[in-house]
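Below are the chains, spelled out letter by letter.
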Amino acid sequence: MNILILGGGAGGAVLASRLAKKLGEKVNITVVDKNPYHEFRPTYLWISMGIREPDHARRPLKLLEKKKIRFLNEEVLSIDLANRQVKTTNHVLNYDYLAISLGAELVPEKIKGLDKIYHPWEMDTSLKLREEIARFKGGKVVIGPTRLPHRCPPAPFEIAFMIRYLAEQRKISDKTEIKVIHPERTKPMEGFGPFFAEMFNRLMEQYKIEFIGRWMIDHVDTENKVIISDKGEKLNYDLAILVPPHEPSKPIKNNPDLLDSGSGYMKVDKKTLNHPTYKEVYGLGDIIAPTIGLGMAGVFAHFQADYISTRIADEINGVYMQLDWNKTGVCVMDLGFIGAGAFCDFAEMLEGRAKYPDCYMLGGMGILRVAKMAFEKYWFKDIFG
């Protein structure tokens, strides 16, 4: 029995580890990823701030081989659902079960000038942003997404608070102006409900961070350091941290059997997470987030991997008590001066019975930062240990 997992990120790596534990030698598990590393993306923010290094945030995916999981450091080129085949740069792979966790790709080239603006949404650009922050001596800072959806919706706000905190430490806060822009929302963290929006609005007022809603970027004039909106409005900047547009990877985007025309991402049954026609094919993580109505976050991929692993184990073993799909999200935010832990239950919202998720928040700084770093260590031990 061959199980093929495309993508070694939060969803793919967790799924491979869970299946190896549940099914052992009953199956052959293969993970394919063009990145030789599994990376813990929440640490990118701290890398850009200089308080963590790249090796804190990554482990070689080859370590999965300790669990008798085959790893191929190759790019996925095409997926043939009818013939149960996946073509990579060096192989044609057959499968009995296929899990697609290819995530979303960043496409800065979609917006003129964006290729010269750095951000903490990838490892290499986090390091380049660190160099810019090191040179920052005060001025106008503009932060925000260019398009929706994007990975980790709270992260632009996190980095805004971190920049304010850093400016305070450097004693340049009085000459540092910070704006967070958003292409669609009218209030900060609006997608998490009125409580969150109001709380974040007060925090931003307290720390002198301005929010500008419904501000869609058309292009960036990097020579004159000006951001221009689709309505011709202009924002000058000394430091810009802008999230590039995201899109599904080419094997999904170019495959009508996999592409959901409504969301533009992978089609899945919203309740079972498998393909509506090819039941042996599952999707998880960012590649299905817009289809099912969730944000892009590793915590969702993690819980989806737990759920899918038990569904596959049940089919192969004949009986296995399946987990329910956990539709909650947990997010620990480092806001510089303070920390915040958010817990949201998305079940009612996903079933159409509520407009917003049911969210709660825990405040406090030091212990939450420590907890976030501790979870980073736990994460790698859980997958590779």
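See the structure printed just above.
I will try to describe carefully the structure that is included in this document. (Residues numbered from 1 in each chain as written. Predicted model: local features only at pLDDT ≥ 70, side-chain atom pairs only at ≥ 80, totals over all residues. Heavy atoms only, no water.)

## A word on the sheet that holds strand β7 (residues 85–88)
Across a sheet, paired strands are connected by hydrogen bonds in the backbone, their directions being either parallel or antiparallel.
Thinking step 1. If you trace the three strands from one edge of the open sheet to the other, you get β6-β7-β8, paired in antiparallel fashion. Where the open sheet ends on each side, the last strands, each with one partner, are β6 (76–80) and β8 (92–94). On average, each strand axis in the sheet is tilted by 20° relative to the strand beside it, whichever way the strands run. (Pairing = 2+ DSSP bridges. Helix = DSSP H or I, 4+ residues; strand = E, 2+ residues; numbered from the N terminus. Axes fitted to C-alpha atoms, helices over the stretch in contact; angles between N-to-C directions.)

## Considerations on the nonpolar core
Thinking step 1. Judged by nonpolar contacts, the single largest core of 100 residues is most densely connected at Ile-79, Leu-98 and Ile-163.
Thinking step 2. The biggest single contributor to this core is helix α4 (residues 155–169), with nine residues.
Thinking step 3. Excluding its chain neighbours within four sequence positions, the residues that come into contact with Ile-79 are Leu-6, Gln-85, Val-86, Leu-98, Ile-100, Pro-251, Ile-252, Asn-255 and Leu-258.
Thinking step 4. Ile-181, Ile-212, Trp-215 and Ile-227 belong to the second-largest nonpolar core, a separate cluster that totals 14 residues. (Core = buried A, V, L, I, M, F, W, Y, C linked by side-chain atoms within 4.5 Å. Buried < 20%, exposed > 50% of the residue type's maximum accessible area, 1.4 Å probe, protein only. Contact = heavy atoms within 4.5 Å.)

## Concerning helix α3 (residues 123–135)
Thinking step 1. For α3, built from 13 residues, the straight-helix expectation of 18 Å at 1.5 Å per residue is met to within 8% by its first-to-last C-alpha distance of 19 Å.
Thinking step 2. Those residues of α3 that fall on the buried side of the exposure criterion are Met-123, Thr-125, Ser-126, Leu-129 and Ile-133. Relative to the axis of α3, the buried residues are bounded by an arc of 150° and lie together on one face. (Expected span 1.5 Å × (residues − 1). Arc of directions from axis to C-beta.)

## What to know about the side chain of Asn-274
Thinking step 1. Among the structural elements, Asn-274 can be located in the loop between α6 (250–253) and β19 (281–283).
Thinking step 2. Residue Asn-274 is classed as buried on the basis of its relative accessible area, which comes to 5%.
Thinking step 3. Of note is the side chain of Asn-274, whose polar atom sits 3.3 Å from the backbone oxygen of Lys-279. (Polar contact = N/O pair within 3.5 Å; in protein donor to acceptor, adjacent residues only side chain to side chain.)

## A look at the pattern of salt bridges
Thinking step 1. Taken as a whole and judged by the stated rule, the model has 21 salt bridges.
Thinking step 2. The residue Lys-68 makes a salt bridge to Glu-25 at a minimum N-O spacing of 3.5 Å. Of this pair, Lys-68 sits in the loop between β4 (58–60) and β5 (69–72) while Glu-25 sits in the loop between α1 (10–23) and β2 (28–32), and the two are 43 residues apart along the sequence. You'll find Lys-68 and Glu-25 in the same group, each marked exposed.
Thinking step 3. A salt bridge links Asp-55 to Arg-58; the shortest N-O distance between them is 3.0 Å.
Thinking step 4. Arg-58 gets classed as partly exposed once you look at its relative accessible area, which sits at 22%.
Thinking step 5. Linked through salt bridges whose partners overlap, the residues forming this network are Arg-41, Glu-122, Arg-151 and Asp-286. (Salt bridge = Lys/Arg side-chain N within 4 Å of Asp/Glu carboxyl O.)

## Some thoughts on the state of the cysteines
Thinking step 1. Here the structure, examined in full by the defined rule, presents one disulfide.
Thinking step 2. A disulfide bridge connects Cys-344 with Cys-359, and the sulfur atoms are separated by 2.1 Å. A torsion of 115° about the S-S bond marks the disulfide between Cys-344 and Cys-359 as right-handed. Residue Cys-344 is located in strand β21 (residues 339–345), and its partner Cys-359 is located in strand β22 (residues 358–363); the two are separated by 15 residues in the primary sequence.
Thinking step 3. Its relative accessible area of 2% is what places Cys-344 among the buried residues. (Disulfide = S-S within 2.5 Å.)

## What to know about a nonpolar patch on the surface
Thinking step 1. Taken together, the side chains of Val-330, Phe-343 and Tyr-360 present a nonpolar region at the surface, about 300 Å² in accessible area.
Thinking step 2. Mapped onto the fold, Val-330 is located in strand β20 (residues 328–334).
Thinking step 3. Assessed through its relative accessible area of 46%, Val-330 is described here as partly exposed. (Patch = residues over 30% accessible without salt bridge, like charges linked within 9 Å, V, L, I, M, F, W, Y side chains within 5 Å. Areas by Shrake-Rupley, 256 points an atom, 1.4 Å probe, with all protein chains shown as cover.)

## Focus: the pairing of strand β13 (residues 209–212)
Regular strands have side chains that alternate between both faces of the sheet.
Thinking step 1. Where strand β12 (residues 176–181) and β13 come together, four bridges link them in parallel fashion. Following the sheet pairing, Lys-179 is matched in β13 by Glu-210.
Thinking step 2. In this region the chain leaves β12, passes through helix α5 (residues 194–206) and returns to the parallel neighbour β13; the handedness of that crossover is right-handed. (Right-handed = clockwise from strand over helix to strand, strands pointing away.)

## Re the layout of surface pockets
A water-sized probe, rolled over the atoms, reveals where empty space remains.
Thinking step 1. Taken as a whole, the second largest pocket encloses approximately 200 Å³ of empty space.
Thinking step 2. If you trace the second largest pocket, you find 14 residues lining it, with Glu-132, Lys-225, Tyr-237, Asp-238 and Leu-239 closest to the centre.
Thinking step 3. When residues of the lining of the second largest pocket are traced back to their parent elements, those giving at least two are α3 and β17 (239–243). (1 Å grid on protein atoms, 1.4 Å probe; cavity = no way out; pocket = protein on both sides within 12 Å on 5 of 7 lines; lining within 4 Å. Points joined across faces, edges and corners; volume = space filled by probe spheres on them.)

## A few points about the side chain of Ser-173
Thinking step 1. With respect to the element layout, Ser-173 can be found in the loop between α4 and β12.
Thinking step 2. Within polar-contact distance, the side chain of Ser-173 engages the side chain of Arg-164 at 2.9 Å.
Thinking step 3. For Ser-173, the contacting residues outside a window of four places in its chain are Arg-164, Ala-167 and Glu-168.

## Focus: the packing of aromatic side chains
Thinking step 1. Within the structure shown, the criterion is met by 15 aromatic pairs.
Thinking step 2. Measuring from centroid to centroid gives 6.1 Å for Phe-40 and Phe-375, while their planes differ by 50°, and the two rings are tilted. Separated by 335 residues along the polypeptide, Phe-40 in the loop between β3 (37–39) and α2 (44–48) and Phe-375 in helix α10 (residues 366–384) bring together distant segments of the chain.
Thinking step 3. On the accessibility criterion, Phe-40 (8% relative accessible area) is buried. (Phe/Tyr/Trp six-rings, centres within 6.5 Å; stacked < 30°, edge-to-face > 60°.)

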